[in-house]
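Given next are the chains, with one letter for each unit.
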Amino acid sequence: MTIAIGFEGSANKVGVGIINDGVVLSNERETYITPPGEGFQPRETARHHRAQVLGILKRALEKAKISPADIDCVCFTKGPGMAAPLTVMAVVARTFAQLWNKPLIGVNHCVGHIEMGRLITKAQNPTVLYVSGGNTQVIAYSRQCYRVFGETIDIAVGNCLDRFARVLKIPNDPSPGFNIEQLAKKGTKYIELPYVVKGMDVSFSGLLSYIEKVANEKITSGECAAEDLCFSLQETVFAMLIEVTERAMAHCGSEEVLIVGGVGCNLRLQEMMEIMAKERGAKLYATDMRFCIDNGAMIAQAGWEQFRSGGETPLIETSVTQRFRTDDVHVAWRDS
């Protein structure tokens, strides 16, 4: 029996989760929410995490019904993410690891999403679409490495959605992407938007610049409603993502596709991906908000795998990095 505790705080979610040999004992989380039309800044986000983390830790331990003595390793997000929030959580993890005399495991945030998705869905060897506010990648496993087949060449798809939400002053509670999804369900008119796929990579910055420029003009003139723009934006960016995912599946001969990351909660994205998968004779795997959105349990799960394969992180190497690529991780716990 191996029990791992995970600390996550790479963006506006702060979470603590506890895993016992693949069983989620607890997964507590809080979100830093800003007013409509505003994003979250690193300093304020870090301050929020610092104020919340001890209470979340207490709740996680109580819900798991364990004591610190029962924990085998302390895992934390080493990157990628925003520097200030990452640093807060790394300091917390280092502190408790030393207080409890437990080994430290520095985890790649993206790999955390993948391993949590694999655990919950039981997918064996899927092609992965990782979509969030800070990352957009198409990934497949080969020879102890999660290899990136395609990615955004500028901003992440979640960042594109979030920034459009600010234009329309869409609330950030519970999240701008979720609120865009609800408005999109009421959209009835498709507005043509820039569609940019470059080989296996995608680009969202030009599309965002265009829709930011024309949104208010089109709504004011009566050409379309805000709901139509939300619908059109979703349809366009999701089609781009499914196109490159399908090509990766064809290259790998994959019969499984797994969607992870915060944007992966979007039911329209899951619906479009499932249509593509069925046409290929493949199966779609996805999780709900408990595990798609950033959480501590995913860091605990990836750390649990890493710990059991001898991946302890020396204290001197527990600094954080905003740029920690998925394909930089040696996935020693999976067969070559």
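Report follows, based on the coordinates. (Residues numbered from 1 in each chain as written. Predicted model: local features only at pLDDT ≥ 70, side-chain atom pairs only at ≥ 80, totals over all residues. Heavy atoms only, no water.)

Focus on the packing of helix 7 (residues 226-252) against helix 8 (residues 267-279)
At a closest axis distance of 10 Å, the pairing of helix 7 and helix 8 adopts a crossing angle of 40°. Classified by chirality, the crossing of helix 8 by helix 7 is right-handed. Counting all contacts with helix 7, which are made through Gln234, Glu235, Phe238, Ala239, Ile242, Thr245, Glu246 and Met249, the residues of helix 8 involved are Arg268, Leu269, Met272, Met273 and Met276. A breakdown of the residues in the contact of helix 7 with helix 8 according to their chemical character gives 8 nonpolar, 2 polar and 3 charged. (Axes fitted to C-alpha atoms, helices over the stretch in contact; angles between N-to-C directions. Helix = DSSP H or I, 4+ residues; strand = E, 2+ residues; numbered from the N terminus. Left-handed = near helix turned anticlockwise from the far one by under 90°. Contact = heavy atoms within 4.5 Å. Nonpolar A, V, L, I, M, F, W, Y, C, P; charged D, E, K, R; others polar.)

Here's the deal with the sheet that holds strand 4 (residues 73-79)
Ordered in space as 3-2-1-4-5, the 5 strands form an open sheet in which the pairing is mixed. Every other strand in the sheet has two partners, leaving strand 3 (23-31) and strand 5 (104-108) as the edge strands with one partner each. Strand-to-strand twist in this sheet, taken as the mean axis angle between neighbours without regard to direction, amounts to 20°. Across 8 bridges, the pairing between strand 2 (residues 13-20) and strand 3 is antiparallel. (Pairing = 2+ DSSP bridges.)

With respect to the sheet that holds strand 8 (residues 146-151)
Taken in spatial order, the 5 strands line up as 8-7-6-11-12 in an open sheet, and their pairing is mixed. Only two strands of the sheet have a single partner each, and these edge strands are strand 8 and strand 12 (283-286). The mean inter-strand angle of the sheet, taken between neighbouring strand axes irrespective of direction, is 25°. Here strand 6 (residues 127-131) runs beside strand 11 (residues 256-260); their pairing, made up of 4 bridges, is parallel. Counterpart to Leu129 in the pairing with strand 11 is Ile259.

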